Amino acid sequence: MTSDTSTRDLLAAADLDALYPVLDANRMTAGWHKKRPSLWKEPRTAFRPLHWRYDVGALALDQAGRWMDTELAERRNLLLFNPVGDNDYDTVNTLVAAYQMIKPGEHAKAHRHTPNAMRIILDAAPGCFTVVDGVKLPMRTGDVLLTPSMGWHSHYNIGDANAYWIDVLDVPLVHRLEPMFVEHLPGGTQAETSSPAEHPYAFPLAAMLAKLESVKAERGVKRLRADTADHFKTMAITYCQIAAGAAERTVANTASRVVIVLGGRGTAQVGDQAFAWSRGDVIAVPSWTPHAFEATESALLVEVSDEPALRALGFYREQP
Ligand SMILES: [Fe+2]
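This is a predicted model, so every value here is computed, not measured.

A count of helical and extended segments in the protein gives six helices and 19 strands. Considered along the principal axes of its C-alpha atoms, the protein spans approximately 80 × 55 × 35 Å. When the 320 residues of the protein are sorted by exposure, 38% land in the buried category. Sequence separation of 24 or more characterises 74% of the internal contacts of the protein that already satisfy a separation of 6 or more.

Shown next, in the form of structure tokens:
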């Protein structure tokens, strides 16, 4: 539409109702006449509380593994999506969680990307390791390993059993903000430059349990925030140890979360949904959803949230 046409049509409008289609043709919406509100009283999310079971995820990976190898698929993973509209990727608004498996002798090729990633190891026999920017880190059951933004990473299984873990990444946040970059290392294999006993990207289960020993329990619940702030700007990792019979209760807040069960059993109430969980399960907790996790046997949860991203932007709030 030329500016002459716009001028003519605007001047020809006899009233507001006649003006609206002219505004529309000029790609303008009258703020007082829009189709849907742009502001609302408190957070709304279309994402739903959901629960995925590890036994189902592991069996699904075993079945997929009959036909799909790490040469065909760079990663043999199953994305835990929240059925919102046509979404088939995001677990909650800012985070994606996936079950991943590699078989003995397989190698997930080296790549790097702007999204931050972590691995929460569910089952791995000796011989599984990841390499992050040349640093070889063992993948042992219960360990949490970081792959910060733009770190080269590849995964190996030279043991004798399938290895299973959960990946959590901030890809949906990157999709929304749009700074996506990915590179594939030519040849797919990065040189291993070191194999340290300790590393700031590695949170071994044994070390985290030892740290939890000195945390004071409140009503049977211990919480320990992993020291990731120097490496992750968008995600926080919190260990939550719940004694049998105790419950961790959280008021509605603006962070989105995925909760991974490292051990134990219990029930969860997430918004209006109730779940029974056990080791290896994943639970999606959308923003502004009050939630409670009650342990029927002593439990260890790992909660991954986007709280640092919200705090950095000044948007973190809790229900009073
Ligand atoms: Fe990756």
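Okay, back to it.
Attention now goes to unusual backbone geometry. Most peptide bonds take the trans configuration, and most residues that are not glycine carry a negative phi. The phi dihedral of Asp 133 falls on the positive side, at around 50 degrees, and the residue is not glycine. Mapped onto the elements of the fold, Asp 133 is located in the loop between β6 (128–132) and β7 (135–138). Positive phi, close to 65 degrees, is recorded for Met 150, a residue that is not glycine. Within the secondary structure, Met 150 is located in the loop between β8 (144–147) and β9 (153–157). The exposure class assigned to Met 150 is partly exposed, which follows from the 14 C-beta atoms found within 10 Å.

Quick look at the domain arrangement of the protein now. Domain assignment breaks the protein into domain 1 (3–33), domain 2 (50–202) and domain 3 (207–313). Computed over C-alpha atoms, the centres of domain 2 and domain 3 are 21 Å apart. Listed by partner, the interface residues are 27 residues for domain 2 and 27 residues for domain 3. When residues of the side of domain 2 that touches domain 3 are traced back to their parent elements, those giving at least two are β1 (50–52), β5 (117–123), β8 and β10 (163–169). Residue composition of the side of domain 2 that touches domain 3, grouped by class: 18 nonpolar, seven polar and two charged.

Through backbone hydrogen bonds, the strands of a sheet pair up, either in parallel or in antiparallel fashion. Taking strand neighbours across the sheet as the criterion, the five strands line up as β7-β6-β9-β4-β11 in an open arrangement whose pairing is antiparallel. Edge positions in the open sheet fall to β7 and β11 (182–184), since each of these has one partner strand only. Here the average twist between neighbouring strands, direction ignored, is 25 degrees. Pairing between strand β4 (residues 107–113) and β9: three bridges, direction antiparallel. Each residue of the ladder has a partner; that of His 111, found in β9, is His 153.

Next up on the list: the sheet that holds strand β2 (residues 77–79). The strand order across the open sheet built from six strands is β2-β3-β10-β5-β8-β12, with neighbouring strands paired in antiparallel fashion. Where the open sheet ends on each side, the last strands, each with one partner, are β2 and β12 (202–203). As paired strands, β5 and β10 are joined by six bridges and run antiparallel to one another. Looking at the pairing, Ile 121 lines up with Trp 165 of β10.

Further remarks concern the pairing of β10. Put simply, side chains in a regular strand alternate between the two faces of the sheet. Most of β10 is tucked away: seven of the seven residues are buried. Taking every second residue as pointing to the same face, both faces of β10 are buried, with Ala 163, Trp 165, Asp 167 and Leu 169 on one and Tyr 164, Ile 166 and Val 168 on the other. The sheet contact formed by strand β3 (residues 96–102) and β10 spans seven bridges and is antiparallel. Considered in β10, the bridge of Met 101 is made with Tyr 164.

A few words on the environment of Arg 223. Within the secondary structure, Arg 223 sits in strand β13 (residues 221–225). For Arg 223, a count of 17 C-beta atoms within 10 Å puts it in the partly exposed group. C-alpha of Arg 223 to C-alpha of Gln 241: the two residues are 18 residues apart in sequence and 6.5 Å apart in space. Those residues in contact with Arg 223 that lie beyond four places of it in its chain are Thr 238 and Cys 240.

Once that is clear, we can look at the environment of Val 92. By secondary structure assignment, the location of Val 92 is in the loop between β2 and β3. We classify Val 92 as buried; it has 28 C-beta atoms within 10 Å. Once the C-alpha coordinates of Val 92 and Leu 50 are considered, the two residues, 42 residues apart in sequence, prove to be 9.5 Å apart. Once residues within four sequence positions are removed from consideration, Val 92 is found in contact with Phe 47, Asn 82, Ser 256, Arg 257, Val 258, Ala 284 and Pro 286.

Our focus in this paragraph is the environment of Ala 210. Within the fold, Ala 210 resides in helix α5 (residues 205–213). In this structure the C-alpha to C-alpha distance between Ala 210 and Asp 281, which are 71 residues apart in sequence, comes to 23 Å.

Each value, and the rule that gives it
- Residues numbered from 1 in each chain as written.
- Predicted model: local features only at pLDDT ≥ 70, side-chain atom pairs only at ≥ 80, totals over all residues.
- Helix = DSSP H or I, 4+ residues; strand = E, 2+ residues; numbered from the N terminus.
- Buried ≥ 20, exposed ≤ 12 C-beta atoms within 10 Å, placed from the backbone.
- Contact = placed C-beta atoms within 7 Å.
- Domains from an automatic or database assignment.
- Nonpolar A, V, L, I, M, F, W, Y, C, P; charged D, E, K, R; others polar.
- Pairing = 2+ DSSP bridges.
- Axes fitted to C-alpha atoms, helices over the stretch in contact; angles between N-to-C directions.

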